[in-house]
Amino acid sequence: MKDFILKRLAQMLLVLVIVSMFAFSIIYFSPGDPLYLYTSPSVSSYKMTEEQLNDMREALGLNGNVIQRYANWAGKMIQGDWGFSVSNHQPVKTQIMDKLPNTIGLMGAALFLSILVSIPLGLLAGYYKNQWIDNVISGISYLGISLPAFWFGIMLIIVFSLHLGWFPSAGMRTIGVNSAADVIRHAVLPVIVLSVNNTAVFVRYIRSNTIEQKEEEYVMTAISKGVPKQRVLWGHVLKNCLLPIITMVGMNFGTLITGSFIVESVFGWPGLGTLCLDAINSRDYTMIMGITMLACIVLLTGNFLADLLYGFADPRIKQGKEKQNG
Amino acid sequence: MKKSLISLLLCLGMVSALVAGCGSSAGGGKTEGGTESTGSTEGTESAGTNGNTLTIPVSATVTTLNPLLDTMAEGKLQLSPFSDELYYMEDDETRYYLAESCEVSEDGLTYTLKLKDNLKWHDGEPITADDVIFTADCNANTDNGAGFTNVVFAGEEPVKYEKVDDLTVNFTIPAPSASYMEVLGKLQIIPAHAFDNNTDIVSAEANLTDIGSGPYKLAEFNDGESLVLEKFDEYYGDAPQIDQVVFRVISDPSAQEVAFKNGEINYMLVSSDASAEEFKSVDGAELHQFAEGRVKYLVWNKYCATWENRDAVKAVFLALNQEEIVAGAYGESMGVPANTIFSTQNLFHDDSIKGYEQDLEEAKKLAESSGLAGKTIKLHYNTDRGFMEDTALMIQQQLKEIDVTVELEGIDANGFFDVVFTDQDDYELYLNEYAAIGDPDSVVAGMFDGTWGNNVDTSEEILDLFEQGRATNDMEERAKIYSDLQQKAKDEYLVYPIAYPSYCFVTTSNLKGAEEYTTTPVFEDYTKLYFE
């Protein structure tokens with residue numbers, strides 16, 4: 001097990017380095033210049049001289065070729081220095097850490113909701129394969145997979161905020177009100193939007209797994225012994241269907257992160273998504289890299305934990321991995 | 001059993017994430033540089049039309065409260081009630097804010113700026129000439145990238161400035177410049193004491209504290225969520241009539257529209273003709289429109305070999321139907337056809353000059369003779385600017401008439417200028433826009449004299465006219481010079497001015513005073529606003 005963990009950690013480190021190189025190159029070679037923030041005629045009618053621009057580049061760490069700049073950034077990052085935002089000169093790490101809880105909260109709640117809803121729906125759809133209940137659930141899940149988050153978000157706002165007045169249309173808090181209940185009230189619509197796609201995917205997985213489990217001998221035996229259907233479903237099939245959920249949760253962290261970017265934008269949720277979109281628009285490379293690295297670490301950690309949990313949940317897999325690792 | 005335990009743990013993990021995230025978020029906003037909020041705005045309940053609070057949506061909160069460091073449109077919008085200008089010039093009227101007066105010497109080189117007496121910063125300290133000098137020093141330190149550097153540099157030459165007494169400062173420019181009076185007036189000053197007289201201001205903690213001079217002071221700043229301002233009781237001007245001004249982040253335009261209809265906000269920018277038409281019939285909403293003071297225009301890239309024969313340029317200009325483009329892209333509410341390179345908000349705009357008129361037969365002939373017909377050309381447009389894509393599509397359609405295929409390539413604002421403000425020769429056309437308010441010797445001149453758009457083929461004669469207009473203070477003489485310049489620009493097929501866009505916004509109908517001044521971005525003077 002120890003070897004397995006060490007091997008996975010080494011792999012994660014390698015992936016992080018590759019992702020950082022790739023992301024840095026994309027920012028470097030994409031058209032646009034962070035100095036636009038200071039040199040645009042919209043900012044000032046004064047056009048800086050080349051010398052003044054060079055001084056500013058030097059101060060912002062924008063001089064040098066891609067390798068030199070990457071090495072400079074990576075060297076500082078390894079020492080825990082995330083750098084300063086090119087656009088607002090505030091420390092990147094502080095800004096990210098300020099926004100991280102908001103995004104984590106949104107993602108965690110969405111994931112929780114997805115699991116909560118998808119387990120019973122997936123089980124029912126699988127158990128009653130090709131019957132009306134399966135058709136309804138499958139139809140809804142296909143719809144969930146296809147719904148564009150920004151459109152669905154606006155629709156929910158129109159219905160539940162504009163017409164019914166149940167929830168606020170945007171933001172994370174009522175100004176001047178500092179309570180968890182108020183935040184949760186603001187979070188309801190974005191959480192639903194963020195969870196819809198994952199819920200639909202999870203339902204499909206659980207359904208197909210349930211169908212497979214239903215054909216297993218232990219289910220046949222239980223049914224032939226006269227065990228009630230509900231007990232077979234919830235007591236036996238469910239346990240074996242939970243395994244793929246662990247993998248899916250890990251695998252879907254990426255979808256959640258990118259999904260939160262869109263959802264945060266629609267609902268004015270002050271998380272990493274809005275921070276990242278602003279950074280991309282202003283070519284704020286230190287901020288983009290900081291958020292990219294964090295998202296990558298969250299994603300890799302999610303996958304890693306899923307693997308570990310999978311091993312614990314199913315000893316056969318754990319043993320298999322141990323055998324593979326010698 | 002183990003599996004159940006794992007699933008239980010997983011669920012608990014998710015709940016913890018929710019509580020952890022929300023819990024920390026609910027802990028309160030940051031105010032004045034990071035201290036916890038005391039909830040002083042309790043009871044506003046998302047503001048909007050409730051209470052005496054004006055709520056304005058923004059796509060992002062400012063990252064600084066220092067007006068020198070955030071001069072983009074949305075930054076200006078948020079800092080306008082917080083920080084006052086010295087004075088504002090509009091046509092023949094000058095409205096004085098922090099300044100009592102500004103007088104120019106006979107030789108046109110020295111500007112004597114006098115502040116009003118008894119002005120106070122939001123922290124209660126007096127506003128003095130030392131603050132003006134400090135602000136000028138901050139702008140002169142170009143590492144700051146401050147937005148008013150043109151106050152302390154005339155071209156590459158530095159402007160001299162010196163304190164005369166506690167309320168007076170002299171600015172001496174190296175050569176007469178008719179637009180300097182206007183440039184100086186827009187300066188927003190910052191308190192020297194808050195920055196400990198250190199001109200290295202970019203990372204200063206003071207940037208997020210109460211460093212304003214305007215009618216509203218900082219109440220609460222929640223980065224990425226909202227900026228809450230409350231009226232400043234010691235303001236030197238008329239007392240603000242609205243208690244609070246809240247800038248709330250709602251970045252999605254559709255969500256803004258819903259929030260407006262829901263009564264959560266009092267104002268929103270209208271960005272399409274369809275929305276403008278819709279709001280005309282919405283109960284409780286009032287639509288406001290005035291000229292934005294910008295020029296949307298089409299440029300041919302002088303570095304591109306396609307235009308070696310100038311008849312090719314003429315062919316394009318004569319092939320375009322401006323009325324049709326403006327009607328199609330801007331509709332009835334969002335813009336009007338442009339006739340010159342100056343906007344109607346510029347001093348010396350000459351409305352007697354006619355814009356380009358379509359002449360398809362002539363255009364076809366010129367396209368054939370110049371070899372343009374049958375070619376495929378590339379047009380760049382800025383995807384972050386309104387109406388650009390629709391305009392590009394209509395140009396593409398109209399140039400088909402002269403057998404020219406147009407490839408469209410949209411680029412976001414940052415990347416766009418990296419392409420079009422260079423000497424790249426691999427594209428033929430681009431669509432752009434520039435601010436054109438007040439004196440044309442400011443941004444407009446810069447768009448044609450090589451300061452910004454160095455791929456515009458401006459003739460020596462036009463450059464000379466810009467110089468002449470800058471060097472004289474005689475208004476009649478300037479009017480004649482700039483009229484000639486506008487006509488010359490048209491005759492030389494310099495650029496194709498397409499439209500003067502409208503600044504269009506909607507407010508709740510109980511908000512009054514929104515059209516007191518038509519400065520953009522709104523509102524020049526928040527003390528004029530009130531709820532009926």
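Residues numbered from 1 in each chain as written. Chains lettered and ligands numbered in written order. Predicted model: local features only at pLDDT ≥ 70, side-chain atom pairs only at ≥ 80, totals over all residues.

### Digging into the overall build of chain B
Move 1: Check the secondary structure of chain B and you find 15 helices and 24 strands.
Move 2: Against the globule reference of 24 Å for 532 residues, chain B gives a C-alpha radius of gyration of 26 Å, in line with a compact fold.
Move 3: Its C-alpha atoms give chain B principal-axis dimensions of roughly 80 × 75 × 45 Å.
Move 4: Of all 532 residues assigned to chain B, the portion counted as buried reaches 53%.
Move 5: Across chain B, every contact between residues at least 6 apart in sequence was considered, and the portion connecting residues at least 24 apart equals 70%. (Helix = DSSP H or I, 4+ residues; strand = E, 2+ residues; numbered from the N terminus. Rg over C-alpha atoms; globule rule 2.2 N^0.38 Å. Buried ≥ 20, exposed ≤ 12 C-beta atoms within 10 Å, placed from the backbone. Contact = placed C-beta atoms within 7 Å.)

### Regarding the overall build of chain A
Move 1: Summing up its helical and strand segments, chain A has 14 helices and zero strands in all.
Move 2: Counting helices and strands in the order they occur from the N terminus, chain A gives α-α-α-α-α-α-α-α-α-α-α-α-α-α.
Move 3: Along the first, second and third principal axes, the C-alpha set of chain A runs to 85 × 60 × 35 Å.
Move 4: In chain A, 73% of the contacts between residues at least 6 apart in sequence involve partners at least 24 apart.

### What about the nonpolar core?
Move 1: Core analysis: the biggest nonpolar cluster contains 233 residues, and Ile-291 of chain A together with Ala-315 of chain B have the highest contact counts within it.
Move 2: Among the elements that line this core, the one with the most residues is helix 5 (residues 92-127) of chain A, at 15 residues.
Move 3: Looking at this core, you find at least three residues from each of domain 1 (2-78) and domain 2 (93-324) of chain A.
Move 4: When residues no more than four places from it in sequence are discounted, the contact partners of Ile-291 of chain A are Ile-96, Leu-272, Leu-275, Cys-276 and Ala-279 of chain A. (Core = buried A, V, L, I, M, F, W, Y, C linked by C-beta atoms within 7 Å. Domains from an automatic or database assignment.)

### A word on the domain arrangement of chain A
Residue and element names in this part refer to chain A.
Move 1: Domain annotation of chain A identifies domain 1 (2-78) and domain 2 (93-324).
Move 2: Taken over C-alpha atoms, the centre of domain 1 sits 32 Å from the centre of domain 2.
Move 3: Each partner contributes to the interface: domain 1 provides 15 residues, whereas domain 2 provides 14 residues.
Move 4: The element that contributes the greatest number of residues to the side of domain 1 that touches domain 2 is helix 1 (residues 2-29), accounting for ten residues.
Move 5: Residue composition of the side of domain 1 that touches domain 2, by class: eleven nonpolar, two polar and two charged. (Nonpolar A, V, L, I, M, F, W, Y, C, P; charged D, E, K, R; others polar.)

### Section: the sheet that holds strand 7 (residues 110-115) of chain B
Residues and elements named next belong to chain B.
Move 1: Reading across from one edge, 6-7-11-10 is the order of the four strands in this open sheet, with antiparallel pairing throughout. One side of each edge strand has no neighbouring strand; the edge strands of this open sheet are strand 6 (99-104) and strand 10 (160-165). The average angle at which neighbouring strand axes cross in this sheet is 20 degrees, direction not considered.
Move 2: Two elements, strand 6 and strand 7, share five bridges in a ladder whose sense is antiparallel. If you follow Val-104 over to strand 7, its bridge partner there is Tyr-111.
Move 3: The strands touched by helix 3 (residues 129-140) are strand 7, strand 10 and strand 11 (168-172); relative to strand 10, the strand with the most contacts, the crossing angle is about 170 degrees. (Pairing = 2+ DSSP bridges. Axes fitted to C-alpha atoms, helices over the stretch in contact; angles between N-to-C directions.)

### A short note on the pairing of strand 21 (residues 429-435) of chain B
Residue and element names in this part refer to chain B.
Move 1: With respect to burial, strand 21 is a largely interior element, seven of its seven residues being buried.
Move 2: Residues of strand 21 alternate between two faces, with Leu-429, Leu-431, Glu-433 and Ala-435 on one and Tyr-430, Asn-432 and Tyr-434 on the opposite face, all of them buried.
Move 3: The pairing of strand 17 (residues 294-300) with strand 21 spans seven bridges and is antiparallel. Among the inter-strand pairings, Val-295 is bridged to a residue of strand 21, identified as Tyr-434.
Move 4: Bridge count for strand 19 (residues 376-382) against strand 21 is three bridges, and the pairing is parallel. Residue His-380 lies in a different strand from strand 21, and its bridge partner there is Tyr-430.

### Describing unusual backbone geometry
Residues and elements named next belong to chain B.
Move 1: Cis geometry is adopted by the peptide bond preceding Pro-521, which originates at Thr-520 and carries an omega value of -10 degrees.
Move 2: Cis geometry is adopted by the peptide bond preceding Phe-523, which originates at Val-522 and carries an omega value of -10 degrees.
Move 3: With respect to the helices and strands, the residue Phe-523 is situated in the loop between strand 23 (511-512) and strand 24 (530-531).
Move 4: Positive phi, close to 60 degrees, is recorded for Asn-197, a residue that is not glycine.
Move 5: Structurally, Asn-197 is set in the loop between helix 5 (180-185) and strand 12 (216-222).
Move 6: Since 11 C-beta atoms lie within 10 Å of it, Asn-197 is described here as exposed.

### Some thoughts on the packing of helix 14 (residues 460-471) of chain B against helix 15 (residues 475-491) of chain B
Residues and elements named next belong to chain B.
Move 1: Direction vectors running N to C along helix 14 and helix 15 enclose 160 degrees, while the axes themselves pass 9 Å from each other. Taken together, the axes of helix 14 and helix 15 lie roughly antiparallel to each other. The way helix 14 lies across helix 15 gives a crossing that is left-handed. Here helix 14 contributes Glu-461, Ile-462, Leu-465, Phe-466, Gln-468 and Gly-469 to the contact with helix 15, which in turn contributes Arg-478, Ile-481, Tyr-482, Asp-484, Leu-485, Lys-488 and Ala-489.
Move 2: In terms of residue class, the contact of helix 14 with helix 15 is built from seven nonpolar, two polar and four charged. (Parallel < 35°, antiparallel > 145°, perpendicular 65-115°, else oblique. Left-handed = near helix turned anticlockwise from the far one by under 90°.)

### Describing the environment of Ile-190 of chain B
All names here are of chain B.
Move 1: With respect to the helices and strands, Ile-190 occurs in the loop between helix 5 and strand 12.
Move 2: Judged by the 26 C-beta atoms lying within 10 Å of it, Ile-190 falls in the buried class.
Move 3: Taking the C-alpha atoms as reference points, Ile-190 and Asp-84, 106 residues apart in sequence, are found 10.0 Å from one another.
Move 4: Once you skip the residues sitting within four places of it in the chain, Ile-190 turns out to touch Asn-66, Leu-68, Asp-131, Thr-135, Cys-138, Phe-195 and Ile-211.

### Some words on the environment of Tyr-503 of chain B
All names here are of chain B.
Move 1: Mapping Tyr-503 onto the fold places it in strand 22 (residues 496-508).
Move 2: A C-alpha to C-alpha distance of 8.7 Å links Tyr-503 and Ser-271, two positions 232 residues apart in sequence.
Move 3: Excluding residues within four positions of it along the chain, Tyr-503 makes contact with Phe-290, Glu-292 and Thr-520.

### Digging into the confidence of the model for chain B
Residue and element names in this part refer to chain B.
Move 1: Mean pLDDT over chain B: 88, with 90% of residues reaching 70 or higher.
Move 2: A low-confidence stretch, residues 1-11 (pLDDT under 50), is modelled with twelve contacts involving residues beyond four sequence positions or located in other chains.
Move 3: Taken together, the stretch residues 14-49 has pLDDT below 50 and engages in 103 contacts with residues farther than four places along the chain or on a different chain.
Move 4: Of the two predicted TM-score estimates for the complex, the pTM is 0.83 and the ipTM is 0.76. (pLDDT = per-residue confidence, 0-100.)

### A look at the pairing of strand 7 of chain B
Looking down a regular strand, the side chains alternate between one sheet face and the other.
Move 1: Where burial is concerned, the two faces of strand 7 of chain B differ: the one with Tyr-111, Leu-113 and Leu-115 of chain B is buried and the one with Thr-110, Thr-112 and Lys-114 of chain B is not.
Move 2: Between strand 6 of chain B and strand 7 of chain B, which pair antiparallel and follow one another directly, the connecting turn spans five residues, one of which, Gly-108 of chain B, has a positive phi of 75 degrees.

### What about helix 6 (residues 132-146) of chain A?
All names here are of chain A.
Move 1: With 15 residues, helix 6 ought to run about 21 Å at 1.5 Å a step, and its terminal C-alpha atoms sit 21 Å apart, in line with that.
Move 2: When helix 6 is considered as a whole, its buried residues turn out to be Ile-137, Ser-141 and Gly-144. Within helix 6, the buried residues cover an arc of 55 degrees as seen down the axis, which keeps them to one side. The exposed set on the far side of helix 6, more than 90 degrees from its buried face, consists of Trp-132, Gly-139, Leu-143 and Ser-146.
Move 3: As for helix 6, its buried residues are in contact with helix 5 and helix 8 (180-214). (Expected span 1.5 Å × (residues − 1). Arc of directions from axis to C-beta.)

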